Amino acid sequence: MELRALQYFVTVAEELHFGRAAQRLSIVQPAVSQQISRLERELGVRLLERTSRRVRLTSAGERVLAAARETLAAAARVRVAAGHPAAVLRIGVASCVTARLERAVGRMRESGRPAEPKLVDLPVTARLDAVRDGELDLALVCGAVTSPAVTAVRAWSEPLHAVLARDHPAAREAVVGLHDLDPHGLRLPAREGDPPMHDAILAVLPAAALRPPAGDILNVLFEVGQDPGGWTLMPAEQLAGTRTERLVQVPLDPPVTVDWHIVTSLVTPGPCVASYVAAFAD
């Protein structure tokens, strides 16, 4: 039994379409069909039910699929142990490296499909374009993704914290409410820099704070630190890697969260997306 035949079978089982499977494997469709037929003859069972309209796994196919994935994952680990490089997984991120990202990278290296993550720092719009064009395997985006050219799946939720100047009146509080903060002191990064995060933050603000001054994130943090009444909002995990004597972060009461999404191409198989989400889960 060849590993190649198992790989072809797993790909067809994930796509449930011989044409799409052949496209993913970068081979012609007849070659896929021949390998699947040969595997079925070798095993003595029908793995797939094929009609002119659909492809469906049989009961035996479902059992073999689980075993085939385990076998391919074991083979990948053997290759890595022998010194072969793991598959490179290109991940589009913002410049801030968080504890969650570091944990996810470790999980991907040790997963059933070992991969060597490569982090690519890009603005969010460029991240989405690179995923669409196949230059990235996945991207992390905070806030809603509305582009029809990619697939976005919510991976985790993260609390927003208020970022205040150290001499802000609320800087020593254990928690602070959005309605307790002066809307005139609000600063937010410009929407052009990160539209999904910008829109997600605006959506939780009181009506009185809907037109804040804007700039890039570094200028926003600088302005907040210079203004005793200044404040902004940022995801808590990103703030964990930011240390400055001029700024403090305070949790919100009631808590407010934003969703982070795993963004992949439209043709990325569902099991791969699920493994990416699991790597970043709490």
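Parameters and conventions
Residues numbered from 1 in each chain as written. Predicted model: local features only at pLDDT ≥ 70, side-chain atom pairs only at ≥ 80, totals over all residues. Heavy atoms only, no water. Salt bridge = Lys/Arg side-chain N within 4 Å of Asp/Glu carboxyl O. Helix = DSSP H or I, 4+ residues; strand = E, 2+ residues; numbered from the N terminus. Polar contact = N/O pair within 3.5 Å; in protein donor to acceptor, adjacent residues only side chain to side chain. Contact = heavy atoms within 4.5 Å.

Student: Could you clarify how one ought to interpret the pattern of salt bridges in this entry?
Tutor: As a working rule, side chains carrying opposite charge can pair if their charged atoms are close by. Taken as a whole and judged by the stated rule, the model has 15 salt bridges. For the salt bridge of Arg-50 with Glu-40, the shortest nitrogen-to-oxygen distance reads 3.1 Å. Here Arg-50, found in strand β1 (residues 48-50), pairs with Glu-40, found in helix α3 (residues 29-43); they are 10 residues apart in sequence, far enough to count as distant. Here Arg-90 and Asp-137 are joined by a salt bridge, their closest N and O atoms 3.1 Å apart. Here Arg-90, found in strand β3 (residues 87-93), pairs with Asp-137, found in the loop between α6 (124-132) and β5 (138-142); they are 47 residues apart in sequence, far enough to count as distant.

Student: Help me out: how do you make sense of the side chain of Ser-265 in this one?
Tutor: Here Ser-265 is to be found in strand β11 (residues 257-265). Of the polar contacts made by the side chain of Ser-265, one reaches the side chain of Thr-268; its length is 2.9 Å.

Student: What am I meant to see in the environment of Trp-156 here?
Tutor: In this fold, Trp-156 is placed in strand β6 (residues 150-165). Sequence separation between Trp-156 and Arg-132 is 24 residues; the distance between their C-alpha atoms is 22 Å. Other than its neighbours up to four places away in sequence, Trp-156 contacts Arg-100, Leu-140, Glu-237, Val-258, Asp-259, Trp-260 and Phe-280. Polar contacts involving the side chain of Trp-156 include one to the side chain of Glu-158, which spans 3.4 Å.

Such coordinate-based values are descriptive only and should not be taken to indicate function.
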